[in-house]
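Report on the structure
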Amino acid sequence: MTTLGSSRVSMVLDRLFDEAERGDPLVREKVKAEEVRRGGPQEEDAFKDLLGEAFMPVDRPSGRFLYNLARTQSHPLIVEFGMSFGISTINLAAAIRDLGVGRVITTELDAGKVRRASAHLEEAGLLDLVEIRQGDALETLRDLPGPVDLVFLDGWKRLYLPVLRLLEPSLRPGAAVVADDLALFPEQLQGYLEYVRDRSHGYSSVEVPIGDHFEFSVRTP
Ligand SMILES: C[S@@+](CC[C@H](N)C(=O)[O-])C[C@H]1O[C@@H](n2cnc3c(N)ncnc32)[C@H](O)[C@@H]1O
């Protein structure tokens, strides 16, 4: 039995996925209507208030992928950009619980989401394994307690590359960097993808067609 499969964690995840399935489509409709009113697609920051109610979570297989990947580590420091209501964080923290060592540092801009995600992690029995840093990732992730083994990028897309560049000096050789949403935001992620797929930047990188598609990059300095 894994922590991810335990009844305590499953009950929390089941409820959160249910809430996301009911609420997120309504938020998406409002965002689309607002884009039409403003004359075209906008940056995600333009909908901060609307998106404050949206989970925008990884799906279950993607969550399992993150759990499994974290389980391949021996004593990982995991950094997450974009916690939202904590679904991906729960998957990562469940792996740390089963490893018995390691830590997740996650960051989230929205104070309301931080409050609710903390409660979800507490309910899942995982809050003690997670350090939540509220604020802009470009500030909150400036200081880290040691080399980073696994990064999950799932905040606003235009920030993936700046956040990666910020973390780069802390990446351990062989560190894994997973970036979500290639299928949803191909244009916004083009610069990021060009960067990690250029071997001269020190990554081996490949698209993984799971959920909204991950880019899975391994640090190969
Ligand atoms: C797609 S959601 C994350 C979903 C989450 N990883 C999950 O699977 O449940 C993106 C989140 O990133 C947060 N975010 C966006 N820009 C950020 C920034 N600069 N710093 C910290 N968090 C940010 C948003 O507020 C939003 O809640």
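Note that the coordinates shown come from a computational prediction; the quantities given were computed from them, not determined experimentally.

Once that is clear, we can look at the overall build of the protein chain. When helices and strands are tallied, the protein chain shows 8 helices and 7 strands. The C-alpha radius of gyration of the protein chain comes to 17 Å, within 12% of the 17 Å expected for a compact globule of 221 residues. For the protein chain, the spread of C-alpha atoms along the principal axes amounts to about 50 × 45 × 30 Å. Looking at the protein chain as a whole, 40% of its 221 residues are labelled buried. If you take every contact in the protein chain between residues at least 6 apart in sequence, the share linking residues at least 24 apart comes to 73%.

Take the site of the ligand next. In the vicinity of the ligand, 21 residues are found, and the nearest of them are Met 56, Gly 82, Ser 84, Ile 87 and Ser 88. Put simply, the parts of the chain that give the shell around the ligand at least two residues each are α4 (87–99) and β2 (103–108). Classifying every residue of the shell around the ligand by side-chain character gives 11 nonpolar, 5 polar and 5 charged.

Quick look at the sheet that holds strand β7 (residues 214–219) now. Read across the open sheet, the 7 strands follow the order β3-β2-β1-β4-β5-β7-β6; overall the sheet is mixed. Strands at the two margins of the open sheet, each flanked by one partner only, are β3 (130–134) and β6 (203–208). Put simply, the sheet's adjacent strands are angled 15 degrees from each other on average, direction ignored. Of the strand pairs in this sheet, strand β1 (residues 77–81) and strand β4 (residues 148–153) are connected by 4 bridges, and their pairing is parallel. Within β4, the position partnered with Glu 80 by the bridge is Phe 152. Along the sheet face, helix α7 (residues 160–167) touches β1, β4 and β5 (171–179) and points at about 170 degrees away from the line of β4.

What follows deals with the pairing of β7. Pairing geometry for β5 and β7, over 4 bridges, is antiparallel. Within β7, the residue paired with Val 178 across the bridge is Phe 216. Strand direction decides the pairing type here: β6 and β7, joined by 6 bridges, are antiparallel. The residue bridging Val 206 from the neighbouring strand is Phe 216, located in β7. Once β6 ends, the chain turns through 5 residues before running back antiparallel as β7, passing Gly 211 with a positive phi of about 55 degrees.

Moving on, we come to the nonpolar core. If you look at soluble globular proteins, the nonpolar side chains tend to sit buried side by side. Of all hydrophobic cores here, the largest spans 59 residues; its most connected members are Ile 90, Ala 93, Val 151 and Leu 153. Among the elements that take part in this core, α4 stands out by supplying 7 residues, more than any other. Taken domain by domain, this core gets at least three of its residues from each of domain 1 (10–51) and domain 2 (57–219). Excluding residues that lie within four positions of it along the chain, Val 151 makes contacts with Val 79, Leu 167, Ala 175, Val 177 and Val 178.

The rules behind each value
Residues numbered from 1 in each chain as written. Predicted model: local features only at pLDDT ≥ 70, side-chain atom pairs only at ≥ 80, totals over all residues. Helix = DSSP H or I, 4+ residues; strand = E, 2+ residues; numbered from the N terminus. Rg over C-alpha atoms; globule rule 2.2 N^0.38 Å. Buried ≥ 20, exposed ≤ 12 C-beta atoms within 10 Å, placed from the backbone. Contact = placed C-beta atoms within 7 Å. Near = placed C-beta within 6 Å. Nonpolar A, V, L, I, M, F, W, Y, C, P; charged D, E, K, R; others polar. Pairing = 2+ DSSP bridges. Axes fitted to C-alpha atoms, helices over the stretch in contact; angles between N-to-C directions. Core = buried A, V, L, I, M, F, W, Y, C linked by C-beta atoms within 7 Å. Domains from an automatic or database assignment.

So, to be careful, I would describe these as geometric facts and stop short of saying anything about function.
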